[in-house]
Amino acid sequence: MIDSGELVAALYESGALRRGHFLLSSGRHSSDYVQCALLLEHPSRARRVGAELSARLAGFDPDSVVSPALGGLVIGYQVASELDIAFRFVERVAGIMTLRRGFSLRRGERVVVVEDVVTTGRSTAEAIEAVEAVGGSVVAVGSIIDRTIDSRAFDCEYRPLLRLAMETYEPAECPLCQAGQAMEKPGSRREIQ
């Protein structure tokens, strides 16, 4: 088992928890960024985190795990592996999260949606919509990190491993922009102008 203190230490140790000025995929800005890919790049850490998250989701008796691409892929697969159930992912096609690549769900299939980091919940909500559109039933959501302001973002149970209060800003209201601090787009080392 991994407790919240160990998880925070692993986030710092792996370089996954960073401070600066970041443009998030939601379009919002933040002085904090979590790059869970760095946390999960070593299989032993990915297994430990996946085991802990799967323990929190096992009681929902899921038939499968669905994750939004790209961030949720590694942790979603680890959770499915721990639960010994099918893993599938959704990806954007023409801007809409879609189950493709030959993946399908049975009508009424019990699904847990697993994500790495939930900030606005938009990608997770779109994954839920994609599952429900093909007849699946989302019984719970799990993530490594919940950085939402409102943890009741979903109509089903939400089980994050760690809640981190990390403020985000609309671009026009960002104090980091107002201070002239250079911005970084996560996943890229080049600065945004």
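Refer to the preceding data block for the structure.
Described in the following lines is the structure provided in the data block.

Cut-offs and rules
Residues numbered from 1 in each chain as written. Predicted model: local features only at pLDDT ≥ 70, side-chain atom pairs only at ≥ 80, totals over all residues. Heavy atoms only, no water. Helix = DSSP H or I, 4+ residues; strand = E, 2+ residues; numbered from the N terminus. Expected span 1.5 Å × (residues − 1). Buried < 20%, exposed > 50% of the residue type's maximum accessible area, 1.4 Å probe, protein only. Contact = heavy atoms within 4.5 Å. Core = buried A, V, L, I, M, F, W, Y, C linked by side-chain atoms within 4.5 Å. Lys, Arg positive; Asp, Glu negative; His and termini not counted. Salt bridge = Lys/Arg side-chain N within 4 Å of Asp/Glu carboxyl O. Pairing = 2+ DSSP bridges. Axes fitted to C-alpha atoms, helices over the stretch in contact; angles between N-to-C directions. Phe/Tyr/Trp six-rings, centres within 6.5 Å; stacked < 30°, edge-to-face > 60°.

So, on to helix α3 (residues 43–57). Taking 1.5 Å of rise per residue, the 15 residues of α3 would be expected to cover 21 Å, and the 20 Å separating its terminal C-alpha atoms lies within 8% of that figure. When we look at burial in α3, the residues that qualify are Arg45, Ala46, Val49, Gly50, Glu52, Leu53, Ser54 and Leu57. Tucked into the core, α3 has its buried residues touching α1 (4–14), α2 (36–40), α4 (73–83), β6 (110–118), β7 (137–146) and β8 (157–163).

What follows is about unusual backbone geometry. For the peptide bond that leads from Ala69 to Leu70, omega is 15°, which places it in the cis range. Within the element layout of this structure, Leu70 appears in the loop between β3 (64–68) and α4. Phi at Asp84 is positive, roughly 55°, even though this residue is not glycine. With respect to the element layout, Asp84 can be found in the loop between α4 and β4 (86–93). The backbone phi angle of Arg101 is positive, close to 60°, even though this residue is not glycine.

Quick look at the nonpolar core now. Buried together is how nonpolar side chains tend to be arranged in soluble globular proteins. Of all hydrophobic cores here, the largest spans 32 residues; its most connected members are Leu7, Leu11, Val34, Leu39, Ile144 and Ile145. Looking at this core, the elements that each hand over two or more residues are α1, α2, α3, α4, β4, β6, β7 and β8. Not counting residues within four places of it along the chain, the set of residues in contact with Val34 comprises Leu11, Ala16, Leu17, Val117, Ile145, Arg147, Leu164 and Met166.

Examined against the element boundaries, Asp116 turns out to sit in strand β6. As a buried residue without a salt bridge, Asp116 has its nearest oppositely charged side chain in Arg147, at a separation of 10 Å. Not counting residues within four places of it along the chain, the set of residues in contact with Asp116 comprises Cys36, Gly71, Gly72, Ile75, Ser143, Ile144 and Ile145.

Across the sheet, six strands lie side by side as β5-β4-β3-β6-β7-β8; this open sheet has mixed pairing. Bordering the open sheet on either side are β5 (96–99) and β8, each of which pairs with just one other strand. On average, each strand axis in the sheet is inclined to that of its neighbour by 25°, with strand direction left out of account. Bridge count for β4 against β5 is four bridges, and the pairing is antiparallel. Bridge pairing links Val90 to Leu99 in β5. Each of β3, β4, β5, β6 and β7 is contacted by helix α5 (residues 122–133), which is oriented at about 165° to β6, the strand it contacts most.

Moving on, we get to the pairing of β3. β3 sits mainly inside the fold: five of its five residues count as buried. Neither face of β3 is exposed, since Ser64, Val66 and Pro68 on one face and Val65 and Ser67 on the opposite face are all buried. As judged from the five bridges shared by β3 and β4, these two strands associate in the parallel manner. Looking at β4, one finds that Ser67 is bridged to Phe89.

The full count for this structure, using the stated rule, is five aromatic pairs. Pairing Tyr77 with Phe87 gives two aromatic rings, centres 5.9 Å apart and planes at 85°, and the pair type is edge-to-face. One end of the pair, Tyr77, is in helix α4; the other, Phe87, is in strand β4, and ten residues separate them in sequence. Consider the rings of Phe154 and Tyr158, whose centres lie 5.3 Å apart with planes at 90°: the pair is edge-to-face. The same class applies to Phe154 as to Tyr158, namely buried. Taken together, the aromatic side chains of Tyr77, Phe87, Phe89 and Phe103 make up a single cluster linked through ring pairs.

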